[in-house]
Structures are given as C-alpha cells and as structure tokens.
Amino acid sequence: MKVCALCQGFTLTLRSFCASALNEDGTYRSNVFYDTIGPAYIPIAFAAAAAADSGAKLYYNDYNIESAGAKSTGAQNIVKLVKQYGAKIDGVGMQAHFIVGSTPSQAAQTANMNAFVALGVDVAITELDIRTTTPATAAAVTQQAKDYAATVGACKAVTRCVGFTIWDYTDKYSWIPSVFSGQGAALPWDENLKKKDGVYNAILSAWGSAASGTATATASATVAPSSVVVPTKAITSAPPAVTSSAAGTVAKWGQCGGNEYTGPTACVSGTTCQKQNEWYSQCL
C-alpha cells in the first residue's frame, strides 16, 4: 500500500501499488494483499491510513471509472465495502487520462459522478489529460478544447466534485509520449510552455458556466511541481508547513530542493533529500 499526496497535501489518495485494485471488468486484481487477505485488504488499508492521520482525506483513486460500466460499478462496490467495514473513506478520484474525440460526454461523466456521490462520498478528477496523435492538427486541438470542457463542466455540475487536477500542465513534462508512441499534446501548455488559448479558455469557460446553486470556484490556480490544480470548491486549509521546529530544517514530506527553490535544504533526522524531478526534491 502507498498513500500518495495529491493537491500539495490537501488530499490523500489511497491506491493499491499506486495502481488499480480492479480489473477492467470490475473484478478484483490479483496482488499479494488480495491473494492473501481477500477484498478486506482495502478497508483494512483505509482504516490504517485513518489511524495514522485522522484528519487526512482518504480517496480511492482509479482509472477508467469516469463513465458508467463494469469498472465504475466495481469502484462503487469498493466504496460500499469500506463503509460496511466501518472504515473511513472520503471520496473517489477519477484519473481521467482521455483521448481526443473519445472522452465521455459531460452528461455521462456527470451521471457517473453522481452515482458515487449517492454513496455519501466526494469525487474529484485527479489526473486529467487528453492526448492526441502528434503533431496535433487544428481539428484535434478544437476537439480537445471541447473534451476538456466536458470533463471540467461535469465536475462543476456535481456539487460534491471538489475539483480537478491536470496531470502536469505542459507537454514538455508529460508522461504520455514515453508510454504511448506518437501521442501527446495533451495539456493546456505546449512543450515550449506556451499557453494553448483555445484549450485554456475552454477550461475556464466550463468552470464558470455552472447553473446557479452550485458552489463558487475560487479565483486562483496553484502550480505544483507535477500538476496544475485548477480552482476547486472544497479546499480551504493551508498547505502543511515545510519546516520543522528546528530552524532551517525541512520536515518529512517537505520540499528541500529543485530549480529556482530558495528554501532550506537540510532534512529532519531520519529523512534525506531525494530528487523527484528537476523542479522538486522532497525529504523522504
């Protein structure tokens, strides 16, 4: 089990091996925990995470659960299972690694999110990117803007969708080309860090076009080392402190290095400063 930080420490996302606990048909995926304990390993993990930090927001995070189907139903069953065991679960994260022209409609995504909300949990779009064949054509970029608007609009339309995270903000650092050959151009900024106005404006327009009565978005965006957290509805607390009681010493999980970083670099005893990428090193 690994508890992964999301949104600069505002939310914790629980994953099995930081991957899916489910097969695509909604059945449980074989792993050492499932093969040894059975499905109960999931509520056990949630209970352990809650015991470690009672204030943490605990989410089940998965991919291919963004619209109705066997895997989404399987994820809903996980929520029910955790609740049946009396363990804490706050929400479900939908990764949303989409393909231009194949993104589920706004209506389909809204209905799917509401199916989770009906179980008494929040939802979030946690790793949004929408890839296409490269180099991207003008038609693909136009469709990409519509696809982004569909997902962002779905989140905005669901009262308990707490927000969305774009999985990196620039094509320069995207994971997609290294995994899907000949694909990429998935993000609102290109590889030269130039904003794609059509995509960017579609996101802002979709976020600002919800019907009256839904929660109001904040007016700012937070840039994290590996993602852009676009305005959310439910994040109100400040990020955790990055220094310990010893002046100039970085606490566990805090930033200790990276390009243009000017803060302290010495980690608290028991941790070391480990490079995550050129922009971010962390005390672990």
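Everything discussed here concerns the structure shown above.
Residues numbered from 1 in each chain as written. Predicted model: local features only at pLDDT ≥ 70, side-chain atom pairs only at ≥ 80, totals over all residues. Heavy atoms only, no water.

Novice: How do you make sense of the sheet that holds strand β14 (residues 273-277) when you look at a structure like this?
Specialist: Within a sheet, each strand pairs with its neighbour through backbone hydrogen bonds, oriented either parallel or antiparallel. The three strands are arranged β12-β15-β14 in an open sheet whose pairing can be described as antiparallel. Only two strands of the sheet have a single partner each, and these edge strands are β12 (255-257) and β14. The mean inter-strand angle of the sheet, taken between neighbouring strand axes irrespective of direction, is 45°. Alignment of β12 against strand β15 (residues 280-283), held across two bridges, turns out to be antiparallel. Paired with Gly-257 across the two strands is Ser-281, which belongs to β15. (Pairing = 2+ DSSP bridges. Helix = DSSP H or I, 4+ residues; strand = E, 2+ residues; numbered from the N terminus. Axes fitted to C-alpha atoms, helices over the stretch in contact; angles between N-to-C directions.)

Novice: In this structure, what is going on with the nonpolar core? I would like to understand it.
Specialist: Inside soluble globular proteins, nonpolar side chains tend to come together where they are buried. Counting 47 residues, the largest nonpolar core has Met-113, Phe-116 and Leu-128 as its most contacted members. If near-sequence neighbours (up to four positions away) are discounted, Phe-116 is found in contact with Ile-65, Ser-72, Ala-75, Gln-76, Val-79, Val-92, Met-94, Val-121 and Val-123. (Core = buried A, V, L, I, M, F, W, Y, C linked by side-chain atoms within 4.5 Å. Buried < 20%, exposed > 50% of the residue type's maximum accessible area, 1.4 Å probe, protein only. Contact = heavy atoms within 4.5 Å.)

Novice: Just checking my understanding: could you explain the state of the cysteines for this structure?
Specialist: The term disulfide refers to a covalent linkage connecting the sulfur atoms of a pair of cysteines. Under the counting rule described, the total for this entry stands at three disulfides. Paired by a disulfide, Cys-155 and Cys-161 hold their sulfur atoms 2.1 Å apart. Linking Cys-155 and Cys-161, the disulfide has an S-S dihedral of approximately -95° and is accordingly described as left-handed. Neither Cys-155 nor Cys-161 differs from the other in exposure class; each is buried. Here Cys-256 is linked by a disulfide to Cys-273, with a sulfur-sulfur distance of 2.0 Å. (Disulfide = S-S within 2.5 Å.)

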